[in-house]
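Descriptive analysis of the structure
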Amino acid sequence: MKNKFYITTPIYYANAKPHIGHAYTSVAADILARWNNQQGKKTFLLMGTDEHGMKIQKKAEEKKKDPQQFVNEISEEFKGLCEKININYNGFIRTTDKKHEETVQKVLQLLYDRGFIYKGTYEGLYCVGCEQFKNESDLVDGKCPEHGIKPEKIKEESYLLKMKEVKSQILEKIKKQELEISPEKRRNEIISFLEKNELKDVSISRKNVSWGVPLPFDKKYTAYVWIDAFLNYLTGIGWNGSIEQFAFSELSEMKWWPPDIQLMGKDILRVHASIWLAILIYLDIELPKRIFAHGHILSNGKKMSKTLGNIIGVDEMIRRFGVDGTRYLLISAGTFGEDIDITMERMVEKYNSDLANGLGNLVSRTIKLASVSDFQFLISNKLPISDEKFSEKIENLRLSEALEYIWKVIREDNKYIEDNKPWELVKSDRKNFEKIMEKLAFDLFVISELLVPFMPETSKRIKKALENNESVILFKKAE
RNA sequence: CGCGGGGUGGAGCAGUCUGGCAGCUCGUGUGGCUCAUAACCACAAGGUCGGCGGUUCAAAUCCGCCCCCCGCAACCA
């Protein structure tokens, strides 16, 4: 299918409630989806929840809940988050969906039959207390933080996915831009990582995790969550696990494939650029066109954490700044792709100056000028707005720059009003007054069009206010 | 010698690849305006671009060394 746009977010791990990072990724994805939709493309935004694995099993036990019930609740919370911040998703995949699980098993079997999965041994640090393998980064002073004991190095039988042999293929495809990884910085990182390191074969089975998809060829094991999770990008648009489905992709429900953009946090870029790509290559499925890794949200230069008490909640932001205000503040906080740093204090400032005093006040004063002088705006919904500079910024995911571009117009219009003094002209020179008002109306219309992906409700409200010549307070001052 | 990111006026950032008067927003000061959400506009103050050295007619930008902060170290989203 031509003229389509398929975008994915990572599926969110359902071991805890959603936080602002999830909102950030989701809003960005939503903006890109809405923008492409506005450009006349058929779009599909896929989101979802990743619901298997040891962590979830344990969390459910702690709360004395059945794991399925536990993830049902969390999954609803993630959907709720999407509603709250106005994410217009087209599909929401859950890895505990029956169809997804079946497809995962099919794929595992296929990879096994083709010899890409083999039985070997996995060596790792095993904590007897937790009954699971630990990462070195999980340890405190070389000990398990929960049990205070040193994990043992043990070997265990395990199923492994071959990685060594695909490495050069992955590297080549990235280098040849068959798959674009951006920002460029991240691309370079991945390339140098692949060039400098051997890719070890990855263990894809878990012995002590009952909450997972059983390996079809050895039911004693369940699949490691990543394998399960990655396939969501395929099952989420209706893949049933048969390779034939791709042969007629123009006609089948796989018409969305490949993803035009896969959006994710920088933390999971590396696993995507290795394991995920390996799976696709083994399955002979076309790679995504582009993977974009964004940065993390910091608060006052630090990761948000309960101990530091610097957590900023989505609900609180919505309460103070509204839905569109929250979307604006998240996206305008810094270059998309870099880490961004937010604090409540600065957000209040930015909200007041950009939204209340900037956009809100411009709309308000323009409409007041019109209504006291019986000027009627002619809203020309006929003209499709296309602004190349703006488009280019969005295509390159320079999202905050795109917003700055709009705000430049807002400032210019404020100056324009100041310079032309329409409140005087209305008494002396009606003709010129109308000329000025038309220019303002046109600009506001353009602004509202450009804002559609970023602040859909605000955009509608501006248009409505212009049509009805009705004064509005778009954004109340925040304290 | 593990890998990577960052250090730019009071705050937050852009600019570094491809060298050419140091840019944006906020805040501050002074003045102006009254259509507007005490909003808006103009002007001004404020920077040895982390440090030292090198290349160059010219360095925030290229090269070398050093200091400080922050991530990551793949089976952890």
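Residues numbered from 1 in each chain as written. Chains lettered and ligands numbered in written order. Predicted model: local features only at pLDDT ≥ 70, side-chain atom pairs only at ≥ 80, totals over all residues. Heavy atoms only, no water.

1. Quick notes on the packing of helix α11 (residues 314-332) against helix α14 (residues 399-420)
- Viewed as axis vectors pointing N to C, α11 and α14 meet at an angle of 115°, and their least axial separation amounts to 8 Å. Seen from α11, the contacting residues are Y328, I331 and S332; seen from α14, they are L399, S400, L403 and W407.
- Partitioning the contact of α11 with α14 into residue classes produces five nonpolar, two polar and no charged. (Axes fitted to C-alpha atoms, helices over the stretch in contact; angles between N-to-C directions. Helix = DSSP H or I, 4+ residues; strand = E, 2+ residues; numbered from the N terminus. Contact = heavy atoms within 4.5 Å. Nonpolar A, V, L, I, M, F, W, Y, C, P; charged D, E, K, R; others polar.)

2. Details of the protein's contact with RNA strand B
- Residues in close proximity to RNA strand B total 45 residues, the closest being Y224, W226, N361, R365 and F475.
- The sugar-phosphate portion of RNA strand B accounts for 68% of its atoms within 4 Å of the protein, the bases making up the rest.
- One nitrogen or oxygen atom from the side chain of T335 is found 3.1 Å from a phosphate oxygen belonging to RNA strand B.
- A distance of 3.4 Å is found between a base oxygen of RNA strand B and a backbone nitrogen or oxygen belonging to G360.
- Every element with two or more residues in the surface near RNA strand B is listed here: α6 (184-196), β9 (202-203), α12 (344-371), α14 and α15 (422-428).
- Counting residues per element, the surface near RNA strand B draws most heavily on α12, which supplies eleven residues.
- Considering only residue class, the surface near RNA strand B consists of 15 nonpolar, nine polar and 21 charged. (Near = heavy atom within 4 Å. Polar contact = N/O pair within 3.5 Å; in protein donor to acceptor, adjacent residues only side chain to side chain.)

3. Side note on the sheet that holds strand β15 (residues 297-299)
- Spatially, β16-β15-β17 is the arrangement adopted by the three strands of the open sheet, whose pairing is mixed. Edge positions in the sheet fall to β16 (302-303) and β17 (340-341), since each of these pairs with one other strand and no more.
- Pairing of β15 with β17, which is carried by two bridges, proceeds in the parallel orientation. The residue of β17 that forms the bridge with I297 is I340. (Pairing = 2+ DSSP bridges.)

4. Section: the pairing of strand β14 (residues 290-294)
- Where burial is concerned, most of β14 is hidden: five out of the five residues are buried.
- Of the two faces of β14, the one carrying R290, F292 and H294 and the one carrying I291 and A293 are both buried.
- Summarising the sheet, strand β8 (residues 180-182) and β14 pair through three bridges and their orientation is parallel. Along β14, the bridge assignment pairs S182 with F292.
- Bridge count for strand β13 (residues 261-265) against β14 is four bridges, and the pairing is parallel. (Buried < 20%, exposed > 50% of the residue type's maximum accessible area, 1.4 Å probe, protein only.)

5. A look at the pairing of strand β3 (residues 42-50)
- Taking burial as the measure, the nine residues of β3 include eight buried ones, the bulk of the element.
- Bridge analysis of strand β1 (residues 4-8) against β3 gives five bridges, and the strand direction is parallel. Note that in β3 the partner of T8 across the bridge is L46.
- Strand direction decides the pairing type here: strand β2 (residues 12-13) and β3, joined by two bridges, are parallel. Across the sheet, residue Y13 finds its bridge partner in β3, namely D50.

6. With respect to empty space enclosed by the protein
- Applying the stated criterion to the full structure yields one cavity of 30 Å³ or more.
- By volume, the largest cavity amounts to about 30 Å³.
- L108, L111, I117, L161, I204, I227 and I279 are the residues that line the largest cavity.
- The residue inventory of the lining of the largest cavity, partitioned by class, reads seven nonpolar, no polar and no charged. (1 Å grid on protein atoms, 1.4 Å probe; cavity = no way out; pocket = protein on both sides within 12 Å on 5 of 7 lines; lining within 4 Å. Points joined across faces, edges and corners; volume = space filled by probe spheres on them.)

7. Section: the domain arrangement of chain A
- Partitioning chain A into domains gives domain 1 (4-295) and domain 2 (309-468).
- Using C-alpha coordinates to define each centre, domain 1 is positioned 38 Å away from domain 2.
- Contact with domain 1, which involves 28 residues of that partner, is made by 28 residues of domain 2.
- Taken together, the two surfaces of domain 1 and domain 2 that pack against each other cover about 2500 Å², and 66% of this comes from carbon and sulfur.
- For the interface between domain 1 and domain 2, the tally reads four salt bridges.
- Residue K266 pairs with D339 through a salt bridge whose shortest N-O separation is 3.0 Å. (Domains from an automatic or database assignment. Buried area = accessible area lost by both parts, 1.4 Å probe. Salt bridge = Lys/Arg side-chain N within 4 Å of Asp/Glu carboxyl O.)

8. A few points about α14
- Over its 22 residues, α14 runs 32 Å from end to end, which matches the ideal 32 Å to within 8%, given 1.5 Å per residue.
- Buried within α14 we find L399, S400, A402, L403, I406, W407, I410, D413, N414 and I417. Seen end-on, α14 carries its buried residues on one side only, within an arc spanning 160°. In α14, the exposed positions that point more than 90 degrees away from the buried face belong to E404, R411, K415 and D419.
- In this structure, the buried side of α14 is in contact with α1 (20-38), α11, α12, α13 (388-395), α15 and α16 (430-451).
- Backbone geometry just downstream of α14 places K421 in the positive-phi region, at approximately 45°. (Expected span 1.5 Å × (residues − 1). Arc of directions from axis to C-beta.)

9. Quick notes on the side chain of N352
- As for its placement among the helices and strands, N352 is situated in helix α12.
- On the basis of relative accessibility, which here comes to 14%, the residue N352 falls in the buried class.

10. Comments concerning unusual backbone geometry
- At the junction of S182 and P183, the peptide bond is cis and its omega measures out at 0° in the coordinates.
- Along the chain, P183 turns up in the loop between β8 and α6.
- For the peptide bond that leads from W257 to P258, omega is -5°, which places it in the cis range.
- As for its position among the elements, P258 is in the loop between α9 (244-247) and β13.
- Positive phi, close to 55°, is recorded for K64, a residue that is not glycine.

11. Comments concerning the pattern of salt bridges
- In the structure shown here, the tally under the stated rule is 31 salt bridges.
- As a salt-bridge pair, K220 and D218 come within 3.4 Å of each other at their nearest N and O atoms.
- Assessed through its relative accessible area of 9%, D218 is described here as buried.
- One salt-bridge network, held together by shared partners, links K119, E157, D218 and K220.

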